[in-house]
Amino acid sequence: MTPAITANTALFLDIDGTLLDLARTPDRVKVPRELSRALEKLSDHLSGALAFVSGRSLESIDRLFAPFRPAAIGTHGGEIRGADGAIARSQPLPEKVAEIFTGLAENIPGLLLEDKRSALALHYRLAPEAHPVLLSAMEKHARLFESENVHILHGKAVIEARRRGVDKGTAVAILAKQKPFAGRAVLFGGDDTTDLDVFRILPQLGGEGFSVGQQFPGAGYIFDSPLAVRRWLTEAAAEAQVQ
Ligand SMILES: [Mg+2]
């Protein structure tokens with residue numbers, strides 16, 4: 001069974017692992033043209049109440065889906081762009097934390113450091129053997145992170161530092177109160193641990209959720225793969241057009 005998208009839905013969608021298949025590096029993902037088209041149609045159908053919710057920066061999101069530029073939550077809540085295009089950003093990370101992440105990227109071959117302004121992400125998909133080293137580095141600096149109010153997030157082949165209290169869930173709650181999302185039935189989809197923050201607040205928003213590849217608490221529907229999600233969205237867009 002798939003979730004229903006009606007004209008009164010507010011659709012919040014994670015990107016990597018939910019809409020798109022994961023690639024060896026974040027730059028190499030491919031956006032199928034049918035997906036962009038389907039999302040644009042759905043966004044029109046929902047009067048703009050469609051938003052991406054991603055760990056990527058807004059810049060990176062826009063590069064993927066250009067020229068489509070809907071509302072979006074970037075860097076796990078560090079950046080929020082409303083449907084009107086106005087952007088709110090959280091503060092950058094403390095210097096000391098940035099130095100630790102930069103140092104690791106410089107010293108371990110194969111690591112990619114992604115600077116998202118309000119967050120830093122270390123990608124180790126090309127150097128999986130570095131994972132234990134990274135874990136012990138995170139452990140070593142745990143007290144510093146704590147005192148600097150920085151939260152360390154473990155995703156799929158990525159470790160990310162960002163300010164505490166800034167997460168996808170908080171950001172979705174903020175965006176859900178704005179036009180044209182306010183008053184609509186929230187539907188969120190995600191595949192990763194960073195999406196759990198959204199699933200957690202869905203009951204407060206009276207929303208529904210779907211997960212991809214695994215069952216998450218709070219997700220009423222499961223899709224096997226991003227491909228299954230794309231098929232569902234493409235069908236929903238085709239039906240929306242007929243109405
Ligand atoms: Mg994801």
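Below is a summary of the structure that appears in this document. Along each chain, residue indices are assigned from 1 in the same order as the chain's sequence is written. In view of the model being predicted, local features appear only for residues whose pLDDT reaches at least 70, and side-chain atom pairs are presented and counted only at 80 or more, with totals across whole chains, interfaces and linings using the full set of residues. Neither water nor hydrogens contribute to the side-chain values; these are computed over all heavy atoms in the structure.

Remarks on the sheet that holds strand 5 (residues 87-89)
And then number 1: DSSP bridges decide pairing: two strands pair if at least two such bridges lie between them. A run of DSSP states H or I qualifies as a helix once it reaches four residues; a run of E qualifies as a strand once it reaches two. Both are numbered from the N-terminal end. Strand order in this open sheet of eight strands is 5-4-3-2-1-10-11-12, and the pairing throughout is mixed. Taken across any chain shown, the strands that pair with only one partner, and hence form the sheet edges, are strand 5 and strand 12 (221-223). Adjacent strand axes in the sheet meet at a mean angle of 15 degrees when their direction is disregarded.
And then number 2: Pairing of strand 2 (residues 50-53) with strand 3 (residues 71-74) involves three bridges; the strand directions are parallel. Bridge pairing in strand 3 places Ala51 opposite Ala71.
And then number 3: The contact criterion used throughout is that any non-hydrogen atoms of two residues lie within 4.5 Å. In this analysis, axes come from line fits to C-alpha atoms, helices being fitted only over the stretch in contact, and the angle between any two N-to-C directions falls in the range 0 to 180 degrees. With respect to the sheet, helix 7 (residues 196-205) is in contact with strand 10 (185-190) and strand 11 (208-212), its orientation differing from that of strand 10 by roughly 170 degrees.

Considerations on the pairing of strand 9 (residues 158-163)
And then number 1: Burial analysis of strand 9 places five of its six residues in the buried class, the great majority of the element.
And then number 2: One ladder, built from five bridges, connects strand 7 (residues 119-123) with strand 9; its direction is antiparallel. Looking at strand 9, one finds that His123 is bridged to Val158.
And then number 3: The pairing of strand 8 (residues 150-155) with strand 9 spans six bridges and is antiparallel. Paired with His154 across the strands is Ile159, a residue of strand 9. Exposure is judged per residue with a 1.4 Å probe applied to protein chains only, and the accessible area is read against the type maximum: over 50% gives exposed, under 20% gives buried, and values in between give partly exposed.

Structural notes on helix 4 (residues 131-140)
And then number 1: Listed as buried for helix 4 are Leu134, Ala137 and Met138. Take helix 4 and look down its axis: the buried residues cluster within an arc of 100 degrees, on one side only. The exposed residues of helix 4 that point more than 90 degrees off its buried face are Pro132, Glu139 and Lys140.
And then number 2: On its buried side, helix 4 packs onto helix 3 (95-107), strand 7, helix 5 (142-147), strand 8 and strand 9. Working definition: the arc comes from the directions between the helix axis and the C-beta atoms, pointing outward to the latter.

Quick notes on the coordination of the magnesium ion
And then number 1: Every protein donor of the magnesium ion is listed here as Asp14 (OD), Asp16 (O) and Asp191 (OD), and their distances to the metal cover 2.1 to 2.2 Å.
And then number 2: For Na, K and Ca the donor cutoff is 3.2 Å, while for all other metals N, O and S atoms must lie within 2.8 Å; water is not among the atoms, so some sites may look incomplete. All donors of the magnesium ion belong to a single chain; written as a sequence motif, their spacing is D-x1-D-x174-D. Here Asp16 is found in the loop between strand 1 (9-13) and helix 1 (33-45), whereas its partner Asp191 is found in the loop between strand 10 and helix 7, with 175 residues between them in sequence.

Here we look at unusual backbone geometry
And then number 1: In this structure, the amide linkage connecting Ala66 to the following residue, Pro67, adopts the cis form with an omega of 5 degrees.
And then number 2: Here Thr75, not a glycine, exhibits a phi torsion of approximately 40 degrees, which is positive.
And then number 3: The class of Thr75 is buried, set by a relative accessible area of 1%.

A short note on the pattern of salt bridges
One side chain can pair with another of opposite charge once the charged atoms of both are near each other.
And then number 1: Just to be clear on terms, a salt bridge is a Lys or Arg side-chain nitrogen sitting within 4 Å of an Asp or Glu carboxyl oxygen. Counting across every chain of the model gives 12 salt bridges.
And then number 2: For Arg63, the salt bridge is made with Glu59, and the minimal N-O distance between the two is 3.9 Å. With Arg63 and Glu59 both in helix 2 (residues 58-65) and four residues apart, the pair spans about one turn of that helix. Of the two residues, Arg63 and Glu59, neither departs from the other in class, the shared state being exposed.
And then number 3: Among the salt bridges present, the one from Glu148 reaches Lys96, with a minimum N-O distance of 3.6 Å. Highlighted residues: Glu148 in the loop between helix 5 and strand 8 and Lys96 in helix 3, separated in sequence by 52 residues.
And then number 4: A residue is classified by how much of its surface remains accessible, and Glu148, at 22% relative accessible area, is partly exposed.
And then number 5: A relative accessible area of 49% places Lys96 in the partly exposed class.
And then number 6: A cluster of three or more residues bridged by salt bridges with shared partners is formed by Asp14, Lys168 and Asp195.

Geometric descriptors of this kind do not, in isolation, establish any biological role.
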